[in-house]
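Survey of secondary and tertiary structure
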Amino acid sequence: MVQRNKNIAKLQAGYLFPEINRRKSEFIAKNPDAKIISLGIGNTTEPLQSTAVKALKDASEAMGTAEGYSGYGDEQGMTALREKIAEKFYNNIIPADEIFVSDGAKCDTGRLQMMFGSDSTIAVQDPSYPVYVDSAVIMGQSQLYNKDNDQFNGIEYMPCTAENGFFPELKAADVIYFCSPNNPTGAVATKEQLTKLVKFAKDNKSIIVFDAAYAEFISDPDLPKSIYEIEGADEVAIEVCSFSKPFGYTGVRLGWTVVPKALKFEDGSSVRDDWNRIMTTVFNGASNIIQTATINMLNDEGMKEMRELVAFYMENARLIKNALDSYGFTTYGGDNAPYIWVKTDKMDSWEAFSYILETAHIVTTPGAGFGPAGDGYVRFSAFGGRENILEAIDRMKGLSL
Ligand code: MLT
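Residues numbered from 1 in each chain as written. Predicted model: local features only at pLDDT ≥ 70, side-chain atom pairs only at ≥ 80, totals over all residues. Heavy atoms only, no water.

Of the regular secondary structure elements, the protein holds 12 helices and 15 strands. For the protein, the C-alpha radius of gyration of 21 Å lies close to 21 Å, the compact-globule estimate for 401 residues. Referenced to the eigenvectors of the C-alpha coordinate spread, the extents of the protein come out at roughly 60 × 55 × 45 Å. The buried share of the protein, reckoned over its 401 residues, is 54%. Relative to all contacts within the protein whose residues are 6 or more apart in sequence, the contacts with residues 24 or more apart total 73%. (Helix = DSSP H or I, 4+ residues; strand = E, 2+ residues; numbered from the N terminus. Rg over C-alpha atoms; globule rule 2.2 N^0.38 Å. Buried < 20%, exposed > 50% of the residue type's maximum accessible area, 1.4 Å probe, protein only. Contact = heavy atoms within 4.5 Å.)

Now the structure itself:
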């Protein structure tokens with residue numbers, strides 16, 4: 001018999017969002033008439049914008065012609081798309097050949113672990129997007145789970161709490177995961193805070209994996225959208241980013257990772273070269289249709305439509321936050337991020353999740369699912385149709401957490 005991978009055996013439960021779905025399905029089985037509103041996983045709900053639809057149609061049709069057909073492409077992504085990403089999202093401060101196009105930020109986050117290998121140590125914000133810790137455990141970067149503190153031994157947890165303004169006391173590790181705008185707390189790091197992070201990484205010879213998947217939800221011009229707005233960040237940081245949320249691409253699949261040439265390992269070798277090696281080995285490039293369509297969509301009209309879509313979800317965030325504030329809840333985030341982080345005082349976060357599901361028929365995400373410091377909070381996602389958001393707000397009236 002084949003032995004089970006001992007690192008997978010260390011994981012405590014299923015991945016967070018399928019677990020939430022399982023509990024939701026269990027509830028529906030017992031309450032078939034309940035009209036459930038899902039504000040759990042940050043899943044986009046609005047149809048693709050018109051520039052994307054046209055570009056996808058055109059790109060599909062071209063594949064049906066002798067001139068337009070293409071097979072395998074560059075694993076790193078189409079050059080024109082890498083150039084467009086550099087122009088539209090980085091004002092060309094990042095060269096196109098440091099941008100690797102992929103099928104999404106989550107997939108890249110997992111693949112990055114292959115590059116770092118099992119001997120690396122990691123530090124994560126607590127709470128954090130579960131992929132960082134889970135993929136580290138699977139890669140063998142942790143020891144066993146410690147039930148006393150709900151942490152994996154060997155992983156550095158950096159609590160982000162209301163008391164520290166959701167910016168943690170930084171801890172040294174080979175790789176520091178940092179997400180801003182933050183999933184799940186909705187906090188956005190300032191330039192000063194990111195400058196501190198970059199300096200800390202330099203001093204401790206760490207590499208930062210900066211998750212900027214929600215960058216386009218920042219409207220405050222003083223808040224940095226990319227780690228590369230901080231001087232010297234190209235020597236210490238990788239950035240992962242995504243088309244999923246701002247362009248409604250959660251089901252279309254496209255993202256990218258920036259690995260600067262200036263970033264080196266301890267022995268002086270190039271991190272970018274190793275990432276290239278990983279990507280050429282385990283990835284065959286994102287879909288040609290999606291890449292071609294996105295090249296043709298990243299124009300003034302496409303960017304305008306993206307901003308409208310983001311504004312729609314951010315109006316949802318404003319409505320949820322204002323309503324919950326007016327009901328007396330303590331809320332964080334939701335201003336420059338599509339997540340609202342809500343304090344629970346009388347119950348733990350899984351109890352709050354069940355209570356909201358059973359009482360208001362709304363699916364949220366329990367804060368503890370993102371790490372031990374997330375207990376005492378639930379996360380509301382602003383991704384939803386307007387009618388559902390208004391209905392959910394109405395149903396939350398009178399609840400007390
Ligand atoms: C979340 O709900 O935290 C994320 O949207 C899920 C994801 O992006 O994988």
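With 12 residues, helix α11 (residues 349-360) should cover 16 Å at 1.5 Å per step; its first-to-last C-alpha distance of 16 Å lies within 8% of that length. Where α11 is concerned, the buried positions are Ser-349, Ala-352, Phe-353, Ile-356, Leu-357 and Ala-360. One side of α11 carries all its buried residues, which in axial view fall inside an arc of 130°. At the N-terminal boundary of α11, the capping side chain belongs to Asp-348, with an oxygen 3.1 Å from the backbone nitrogen of Trp-350. In the segment just after α11, His-361 is the residue with positive phi, at about 60°. (Expected span 1.5 Å × (residues − 1). Arc of directions from axis to C-beta. Polar contact = N/O pair within 3.5 Å; in protein donor to acceptor, adjacent residues only side chain to side chain.)

The environment of the ligand is formed by Phe-17, Ile-41, Gly-42, Lys-106, Tyr-129, Asn-183, Tyr-214, Lys-245, Tyr-339 and Arg-379. A distance of 2.6 Å separates an oxygen atom of the ligand from a polar atom in the side chain of Lys-245. Taking Tyr-339, its side chain carries an N or O atom lying 3.2 Å from an oxygen atom of the ligand. Look at the ligand: alone it shows 270 Å² of surface, and the protein chains cover 87% of it. Its residues placed into classes, the shell around the ligand shows five nonpolar, two polar and three charged. (Near = heavy atom within 4 Å. Areas by Shrake-Rupley, 256 points an atom, 1.4 Å probe, with all protein chains shown as cover. Nonpolar A, V, L, I, M, F, W, Y, C, P; charged D, E, K, R; others polar.)

Both trends apply: most residues other than glycine have a negative phi, and most peptide bonds are in trans. Geometrically, the link from Asp-126 to Pro-127 is a cis peptide bond, its omega value of 10° lying close to zero. Checked against the element boundaries, Pro-127 lands in the loop between β3 (122-126) and α5 (130-139). With an omega of 20°, the peptide bond running from Asn-183 to Pro-184 counts as cis. Structurally, Pro-184 is set in the loop between β7 (175-179) and α6 (191-204). Notably, Phe-166 is not glycine yet its phi reads approximately 65°, a positive angle. Relative to the helices and strands, Phe-166 resides in the loop between β6 (156-159) and β7.

Let us look at the environment of Ser-38. Its place among the elements puts Ser-38 in strand β1 (residues 37-38). The class of Ser-38 is partly exposed, set by a relative accessible area of 37%. Counting along the chain gives 343 residues from Ser-38 to Ser-381, while the straight-line C-alpha distance between them is 8.5 Å. Setting aside its immediate chain neighbours within four residues, Ser-38 contacts Lys-24, Val-363 and Phe-383. Of the polar contacts made by the side chain of Ser-38, one reaches the side chain of Lys-24; its length is 3.2 Å.

Looking now at the pairing of strand β8 (residues 207-211). Burial of β8 is extensive: five of the five residues sit out of reach of the surface. Pairing of β7 with β8, which is carried by five bridges, proceeds in the parallel orientation. Looking across to β8, one finds that Tyr-177 is bridged to Val-209. Following the chain from β7 across α6 to the adjacent parallel β8, one finds a crossover that is right-handed. (Pairing = 2+ DSSP bridges. Right-handed = clockwise from strand over helix to strand, strands pointing away.)

On the secondary structure map, Asp-126 appears in strand β3. The charged side chain of Asp-126 is buried without a salt bridge, its nearest counter-charge being Lys-171 at 8.0 Å. At 3.0 Å, the side chain of Asp-126 forms a polar contact with the backbone nitrogen of Ala-373. With sequence-adjacent residues up to four places away left out, Asp-126 is seen in contact with Gln-151, Tyr-157, Met-158, Pro-159, Cys-160, Phe-370, Gly-371, Pro-372, Ala-373 and Gly-374. (Lys, Arg positive; Asp, Glu negative; His and termini not counted. Salt bridge = Lys/Arg side-chain N within 4 Å of Asp/Glu carboxyl O.)

Looking now at the sheet that holds strand β9 (residues 237-242). Spatially, the seven strands line up as an open sheet ordered β2-β10-β9-β8-β7-β3-β6, and their pairing is mixed. Edge positions in the open sheet fall to β2 (99-102) and β6, since each of these has one partner strand only. Adjacent strand axes in the sheet meet at a mean angle of 20°, parallel and antiparallel pairs treated alike. Pairing geometry for β3 and β6, over four bridges, is parallel. (Axes fitted to C-alpha atoms, helices over the stretch in contact; angles between N-to-C directions.)

Overall, antiparallel pairing links the four strands, which are arranged β11-β12-β15-β14 in an open sheet. The strands lining the two open edges of the sheet, one partner per strand, are β11 (331-333) and β14 (365-366). With three bridges joining them, β11 and strand β12 (residues 339-343) adopt antiparallel strand pairing. In the sheet register, Tyr-332 faces β12, and the bridge partner there is Trp-341. Packing of helix α10 (residues 300-326) onto the sheet brings it into contact with β11, β12 and β15 (377-381), and relative to β11 it is tilted by some 155°.

This part covers the layout of surface pockets. For the largest pocket, the calculated volume is near 620 Å³. If you trace the largest pocket, you find 23 residues lining it, with Gln-12, Tyr-145, Ala-368, Gly-369 and Gly-371 closest to the centre. Residue assignment for the lining of the largest pocket shows that the elements contributing at least two residues are α1 (16-30) and α5. For the lining of the largest pocket, the class distribution of residues is 13 nonpolar, five polar and five charged. Taken domain by domain, the makeup of the lining of the largest pocket includes at least three residues from each of domain 1 (8-48 + 302-395) and domain 2 (51-298). (1 Å grid on protein atoms, 1.4 Å probe; cavity = no way out; pocket = protein on both sides within 12 Å on 5 of 7 lines; lining within 4 Å. Points joined across faces, edges and corners; volume = space filled by probe spheres on them. Domains from an automatic or database assignment.)

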